[in-house]
Amino acid sequence: MESALTLTYAWLKAGHVIFVIFWIAGMFMLPRYYVYHQESAPGSEEEKRWIDREAKLRHIIITPSMILVWVLGLALAWTSGAYTEGWLHAKVALVLVLSAYHGWLIGYGRKLAKGERPLSGKALRIMNELPGLATVLIVILVIVKPF
Ligand code: HEM
C-alpha cells in the first residue's frame, strides 16, 4: 500500500514538473511574440500570422499547462500533507502572482488582436523578466525548503 502511494506521488510530481516546464516556456515565448507582433505593420498579413500564433500558444500550451500545474501541485500538497508548511504558502503566493501575469498576458493579446498596442517593446521586454524571477524563487522554495 505504501509503495502504491509512493508511486502515485512520483507520477504526480513527474506530471507537475513536465507541465511547469511547458507553462513557463510558453510564458517566456508569448511576450517575445508580442514584441515581434508590434514590429509588424498594422493590418498586414504578418500581423495576422502573429495573432494566429499567439492564440495557438495561449490555447494549446500555456492555459492548459497552467491548469494542470495547479491541479497536480494541489494534489501533491494534499497527498504529502505539505499544505501546512511555510515554503508551500510562500510558493503558492508566488504562483498566484505568476497566474495573474498569465491573465494579464491573455488580456494584452486580446488588445493586440483588436489593433491596440498599449505598451512599448521595451516595456514588454521588462515584463518578460517576471516569470524568470518567479521561477528562481519558486524552485529555491520547493527544493531548499528554507522554512
Ligand atoms: C499553486 C501551484 C503549485 C502547488 C500547490 C505546488 C506544490 C508542489 C508540491 C507539494 C511539490 C512536492 C514537493 C516535494 O515533494 O518535496 C511540488 C514539487 C515541485 N514544484 Fe510545485 N507547486 C505549484 C506550482 C509550481 C510552479 C509554478 C513551479 C515552477 C515555477 C513548481 C515547481 C516545482 C518543482 C521543480 C517541484 C519538484 C521539486 C522536487 O521534488 O525536488 N511548482 N510542487
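Residues numbered from 1 in each chain as written. Predicted model: local features only at pLDDT ≥ 70, side-chain atom pairs only at ≥ 80, totals over all residues. Heavy atoms only, no water.

How would you sum up the coordination of the iron atom of the ligand? Please name residues and give values.
Bound to the iron atom of the ligand are the protein donor atoms H16 (NE2) and K91 (NZ), situated 1.7 to 2.1 Å from the metal. One can describe the donor arrangement at the iron atom of the ligand as octahedral, given that its 6 donor atoms subtend angles of 87 to 178° at the metal. Taken as a pair, H16 in helix α1 (residues 2-39) and K91 in helix α3 (residues 86-113) lie far apart in primary sequence, 75 residues in all. The pair formed by H16 and K91 is uniform in burial state, with each residue classed as buried. (Donors = N, O, S within 2.8 Å, 3.2 Å for Na, K, Ca; no water. Tetrahedral: all angles 85-135°; square planar, octahedral: opposite > 155°, others 65-115°. Helix = DSSP H or I, 4+ residues; strand = E, 2+ residues; numbered from the N terminus. Buried < 20%, exposed > 50% of the residue type's maximum accessible area, 1.4 Å probe, protein only.)

Hey, could you go over the UniProt feature "binding site: heme" (unreviewed entry) in the protein chain for me, with residue numbers and the actual values?
Summarizing the sequence annotation, UniProt attributes the feature "binding site: heme" (unreviewed entry) to H16 and K91 in the numbering used throughout. Of the residues just listed, which span 76 residues, no C-alpha pair is farther apart than 14.1 Å, and they cluster in one region. For H16, the contacting residues outside a window of four places in its chain are V69, L72, G73, L76 and K91. By relative accessible area, K91 is classed as buried at 12%. When sequence neighbours within four positions are dropped, the list of residues in contact with K91 reads H16, I138, L141 and V142. (UniProt positions renumbered as here; feature names shortened; annotations may be inferred. Contact = heavy atoms within 4.5 Å.)

Account for the pattern of salt bridges, with residues named and values stated.
All chains considered together, the criterion is met by 4 salt bridges. Between E39 and R125 there is a salt bridge; the shortest N-O distance is 4.0 Å. Pair noted here: E39 is in helix α1 and R125 is in helix α4 (residues 121-127), with a separation of 86 residues, a long-range link. Take R125: its relative accessible area is 35%, and that puts it in the partly exposed class. For R117, the salt bridge is made with E47, and the minimal N-O distance between the two is 2.9 Å. Of this pair, R117 sits in the loop between α3 and α4 while E47 is found in helix α2 (residues 45-80), placing the two residues 70 residues apart along the sequence. (Salt bridge = Lys/Arg side-chain N within 4 Å of Asp/Glu carboxyl O.)

So what about the site of the ligand? Which residues, and what values?
Around the ligand, the structure places 20 residues, and the nearest of them are Y9, K13, H16, K91 and K145. In this structure, K13 approaches the ligand through a side-chain N or O atom, which is 2.7 Å from an oxygen atom. In the environment of the ligand, a nitrogen atom lies 2.6 Å from a nitrogen or oxygen atom belonging to the side chain of K91. Only α1, α2, α3 and α5 (129-144) provide two or more residues apiece to the shell around the ligand. (Near = heavy atom within 4 Å. Polar contact = N/O pair within 3.5 Å; in protein donor to acceptor, adjacent residues only side chain to side chain.)

Tell me about the side chain of S65, residues and numbers included.
If you trace the backbone, S65 turns up in helix α2. According to the relative accessible area criterion, S65 is buried, its value standing at 3%. What S65 contacts, discounting residues up to four positions off in sequence, is F19, F22 and W23.

Residues and numbers for unusual backbone geometry, please.
One non-glycine residue, K145, lies in the positive phi region at around 45°. Turning to its location among the elements, K145 is positioned in the segment after α5.

Would you mind going over the UniProt feature "transmembrane region" (unreviewed entry) in the protein chain in detail, with residue names and values included?
In the numbering adopted here, UniProt assigns the feature "transmembrane region" (unreviewed entry) to residues 14-36, 57-80, 86-105 and 126-144. Between the end C-alpha atoms of residues 14-36 there is a gap of 34 Å, over a span that is 100% helix and 0% strand. Structurally, residues 126-144 is divided into 95% helix and 0% strand, and its ends, taken at the C-alpha atoms, are 28 Å apart.

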